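A structural walkthrough
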Amino acid sequence: MMITENNFREYKTGTKAQRLFIMRENGLNVPELVCVQSADSLRDFPFDRNGLYSVRSSADCEDGASMSFAGQFSTCLNIKGTELEKYTAKCLASAETAEEYMISMGKDPEDTHITVIIQKMVASELSGVIFTANPQGILNETVIVVGRGLGCNVVEDRTDVTHYYYNTTDDLYCYERQNDSPLLTDEQLKELIDISKKICGIFGKRQDIEFAVSDGKIYVLQARPVTSLSDEAVTVLDSSNISESYPGISLPMTVSFVSEVYYQVFRSCVKRAAKNDGTAERIDASLRKMTDCANGRIYYRISNWYDIITLLPFSRKIIPVWQEMLGVRDKEVTHSNEKAGLMTKLRVTASFFQLLSANRRNMKELEEYFGDVYKKYSDAIAAADDPEALLELYEGLRDELAEHWDITLVNDLYTFIFTGLLKKCLTRKYGEEGPELTNLFIAGSRDIESMKPVKMLADIKKCFTESGALEDLRSVRDEESFERALKKCSSGARLISQYIKLYGDRCPEELKLETVTYRMKPYLLAENIVSAAECETSNTEKLPEHGLLTEMFAKRAAAGIKLRESSRMSRGRIFGLVREIINKTAEALRAQGRLGNAEDIYYLRFGELFEAVKHRDMELRELVEKRRETYRGFEKLPLYSRLVFTGEPVDKQLAEASAGSAVSRDTLRGIPCSSGDAEGEVLVVDKLTPDLDSDGKIIVAKMTDPGWVFLLSRSAGIVSERGSLLSHTAIISRELKKPAVVGVKELFSSVRNGDRVHINGSTGTVTVIERRITMNEAI
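Residues numbered from 1 in each chain as written. Predicted model: local features only at pLDDT ≥ 70, side-chain atom pairs only at ≥ 80, totals over all residues. Heavy atoms only, no water.

Glancing now at the environment of Ala 39. With respect to the element layout, Ala 39 can be found in the loop between β2 (33-36) and β3 (52-59). Taking relative accessible area as the criterion, Ala 39 reaches 15% and is therefore assigned buried. As a C-alpha pair, Ala 39 and Lys 614 span 575 residues in sequence and 77 Å in three-dimensional space. Residues in contact with Ala 39, not counting those within four places in the same chain, are Glu 85, Thr 88, Ala 89 and Leu 92. (Helix = DSSP H or I, 4+ residues; strand = E, 2+ residues; numbered from the N terminus. Buried < 20%, exposed > 50% of the residue type's maximum accessible area, 1.4 Å probe, protein only. Contact = heavy atoms within 4.5 Å.)

So this is what it looks like as structure tokens:
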């Protein structure tokens, strides 16, 4: 019996053949095929005697969800039409050799039904395999392996191949080549991803797909389930707004410190809210993993956050607001622990309303308490030199602040809730204008802490301008030239000294402990002083008609934002103290000959630092060098917004890697967060450097952090790939009256340095008006 795409549903064809027929039925480019149950069936079918065919098995137990049977049956390629009967018989006979595999998998060989697929050969220039989930356990990463020639060359390692790792959340990829292995075009890569998504839509979410490329066309040769991955114990890492605080790579010292900080603060918050009823101890494993790290980047371990939020009353309504304010794109809610009991929920509910009602008072008290703690430890750290004494100070600082700093989490929630209520209220009354009006209502907060450094820099610049010493400041390149410039403007020098005391830790990437701050090297501030601009932050726009409820929501949201920015400034100062402890300890270890450079200490974790101080015979140089080499590899990888693992997170280790994106658009959409529109040349900023000129340009970035305020103040507008209504980019843009759009997906693959774009901070659109032509494109 000859089975074709017209009658395949009437017969047992085996899984492989059935899938090929179904894919053809759904419009996928699968080479023509027939399926036979015996070699005799071929006699009545008009095959091209001079044509070339593949002869493959198709058993009912093959390519299933539990058993793949990969390599168990015969596959014969490039078979002439005159020899099809011979090789069909050979393929049918191979069932006997697979009996041992069947028995080991609990399958009775007698129950196995096998047919043979006869399919036209594809003269493939390239062949490969697609795993729609990385077999190493990364569920939102598609792996494509491609090499020259037939697919057997690829799967049997007989040709050099290129591995593509494609993050399906971000449409970003990296690849690793073997020698001169082939590269796919962006169009081919995108088509393969689209094909894999379509096949997953037909058969299920994880597939192992074989393909071939011939004369520019992609052919699908096979699709079977990936059988090695489990949905149990899935771990989701999400960068959301944490990438704003820790952009790009963070070294091990920072990673371990951040993990400890989040643990201590959230543990204290749960204890406070649940009134020490044992809930914090019950979910201790989750609290210890509020953050995690993959490929040198810091992420939220998002399931653990949902465990905490679901302790709250009205959590189903709070979660969407929380997701919006943090910029969480994937709205699926996952959990790591069982839900809390009724008594715990009642205790948390009572605490919830009590803490919200006392929020502003509690935050004011925290500010006063922090001022006392900061002075105490700042003086003690300055006076200490012994590493053991310095680490004892760290433990004291940690313990004193952990019991109080959890109040900032309450303020975050307070701010999220009232901003969300304000937006809902305005949207209900004004429709589509609601989000833009929300920005208007919460903009122009008086004396917001994040703007004070900008205003003070403008005052310093004025002093140097009036004294005629601004050009001296412009020529500063080191500490010596900085000191010469200060001598020419005593009033400016006094202000700079005051600035360093107040804001010396406010700089780009200020929450990374390895960052060199203005407090450490004040001369680095000179560029910001020279470029400082006058900023008008009062809200002069007329607010639309609104009621008392809207007024209340707006006032509370604005108050929460102001307190939040103040606590962020204090947080930077805390990190500054910890940085000073680490740097002093590093100098001691370097003097002992245990570190080559003081900066090497940041390749250690905090626990290792304590061990190193305690045990003088602990080898550090070799450990540092291994970590440094690992991090060199991380720097070649893209920053993914989301990673989904089966089990614990794993780092990607590639010997050589390049990165890119297969998606490019002329019109993009994001979250409008600061009204107005602007047009200008794109300045893509991945990392701040002193030579960046943002005057009148549209800054395009993955995210910004508090230290970018100086750069943002001189720009025409801001667009970021990450962010939300309450991200730092959004808050500062509103205060600076700069149009801004955040949360723009596919931004970096669609816009590049020198392009001309128009941004609308009211509608959230970014339009490419003119693309810069590169030299290669011109040629």
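Having seen the model, we can carry on.
Reading across the sheet, the seven strands line up as β11-β10-β6-β7-β8-β9-β16 and stay open at both edges, with antiparallel pairing between neighbours. Each edge of the open sheet carries a strand with a single partner, namely β11 (217-225) and β16 (658-661). For this sheet, the mean inter-axis angle between neighbouring strands, taken without regard to orientation, is 20 degrees. Its contacts with the sheet put helix α1 (residues 15-25) on β10 (207-214) and β11, and the angle it makes with β11 is roughly 135 degrees. (Pairing = 2+ DSSP bridges. Axes fitted to C-alpha atoms, helices over the stretch in contact; angles between N-to-C directions.)

This part takes up the sheet that holds strand β15 (residues 642-646). With respect to topology, four strands assemble into an open sheet ordered β13-β14-β12-β15, the strand pairing being antiparallel. Of all the strands in the sheet, the pair left with one neighbour each is β13 (291-294) and β15. The sheet shows a mean angle of 40 degrees between the axes of neighbouring strands, taken without regard to direction. Relative to β15, strand β12 (residues 234-238) runs antiparallel, the two being bridged by five bridges. Bridge pairing in β15 links Val 236 to Val 644. Relative to strand β14 (residues 297-301), helix α10 (residues 302-309) is tilted by about 35 degrees, and along the sheet it contacts β12, β14 and β15.

It is worth spelling out empty space enclosed by the protein at this point. All told, the structure shown has six cavities of 30 Å³ or more when counted by the stated rule. In this model, the largest cavity occupies a volume close to 1000 Å³. Within the residue set of the lining of the largest cavity, elements represented by two or more residues are α6 (242-245), α7 (252-273), α10, α11 (315-326), α12 (342-357), α14 (387-405), α15 (407-430) and α22 (548-591). At ten residues, α7 tops the list of elements feeding residues into the lining of the largest cavity. Of the residues belonging to the lining of the largest cavity, the class tally is 38 nonpolar, six polar and six charged. Estimates place the volume of the second largest cavity at around 60 Å³. Looking at side-chain class alone, the lining of the second largest cavity contains two nonpolar, no polar and six charged residues. (1 Å grid on protein atoms, 1.4 Å probe; cavity = no way out; pocket = protein on both sides within 12 Å on 5 of 7 lines; lining within 4 Å. Points joined across faces, edges and corners; volume = space filled by probe spheres on them. Nonpolar A, V, L, I, M, F, W, Y, C, P; charged D, E, K, R; others polar.)

Okay, the layout of surface pockets next. In this structure, the largest pocket encloses a volume near 1300 Å³. Along the wall of the largest pocket there are 48 residues; nearest its centre are Pro 508, Glu 509, Lys 687, Leu 688 and Thr 689. Looking at the lining of the largest pocket, the elements with two or more residues in it are α18 (470-474), α21 (526-531), β16, α25 (709-712) and α27 (747-750). For the lining of the largest pocket, the element with the most residues is α21, which contributes four residues. Its residues assigned to classes, the lining of the largest pocket comprises 26 nonpolar, eight polar and 14 charged.

What the rule picks out here adds up to 48 salt bridges. One salt bridge in this structure joins Lys 512 and Glu 509, with 3.2 Å as the shortest N-O distance. Taking the relative accessible area as the measure of exposure, Glu 509 reaches 12% and is therefore buried. Where Glu 622 meets Lys 626, a salt bridge forms, and the shortest distance between an N and an O atom there is 3.6 Å. With a gap of four residues between them, Glu 622 and Lys 626 both fall in helix α24 (residues 621-634), about one helical turn apart. A cluster of three or more residues bridged by salt bridges with shared partners is formed by Asp 600, Glu 625, Arg 628, Glu 629 and Arg 632. (Salt bridge = Lys/Arg side-chain N within 4 Å of Asp/Glu carboxyl O.)

This part takes up the packing of aromatic side chains. Overall, the coordinates contain 28 aromatic pairs when judged by the stated rule. Aromatic pair Tyr 164 and Tyr 175: ring centres 5.3 Å apart, planes at 40 degrees, arrangement tilted. Taken as a pair, Tyr 164 in strand β8 (residues 161-167) and Tyr 175 in strand β9 (residues 172-177) lie far apart in primary sequence, eleven residues in all. Comparing Tyr 164 with Tyr 175, the two get one shared label, buried. Measuring from ring centre to ring centre gives 6.2 Å for Phe 314 and Phe 353, while their planes differ by 75 degrees; the resulting arrangement is edge-to-face. Placement of Phe 314 in the loop between α10 and α11 and of Phe 353 in helix α12 is noted, with a sequence separation of 39 residues between them. The partly exposed category is assigned to Phe 353, whose relative accessible area is 44%. Through a chain of ring-to-ring contacts, three or more aromatic side chains come together here, namely Tyr 262, Phe 266, Tyr 300, Trp 305, Tyr 306 and Trp 322. Sitting over the face of the ring of Tyr 165, Lys 652 holds its NZ or CZ atom 4.1 Å from the ring centroid. Sitting above the plane of the Phe 748 ring, Lys 702 keeps its charged end 4.2 Å from the centroid. (Phe/Tyr/Trp six-rings, centres within 6.5 Å; stacked < 30°, edge-to-face > 60°. Lys NZ or Arg CZ within 6 Å of the ring centre and 35° of its normal.)

Here we take up the pairing of β8. Where burial is concerned, most of β8 is hidden: six out of the seven residues are buried. Judged from the seven bridges that link them, strand β7 (residues 141-148) and β8 form a sheet pairing that is antiparallel. Bridging across to β8, Ile 144 finds its partner in Tyr 164. Both β8 and β9 contribute to a ladder of six bridges, which runs antiparallel. Bridge pairing in β9 places Asn 167 opposite Leu 172. Hairpin geometry of β8 and β9 is characterised by an intervening segment of four residues between the two adjacent antiparallel strands and by a positive phi of about 55 degrees at Asp 171.

With that out of the way, let us pick up a negative patch on the surface. On the surface, Glu 365, Glu 367, Glu 368 and Asp 372 cluster together into a negatively charged patch. Take Glu 365: its relative accessible area is 45%, and that puts it in the partly exposed class. (Patch = residues over 30% accessible without salt bridge, like charges linked within 9 Å, V, L, I, M, F, W, Y side chains within 5 Å. Areas by Shrake-Rupley, 256 points an atom, 1.4 Å probe, with all protein chains shown as cover. Lys, Arg positive; Asp, Glu negative; His and termini not counted. Charge placed at Lys NZ, Arg CZ, Asp CG, Glu CD.)

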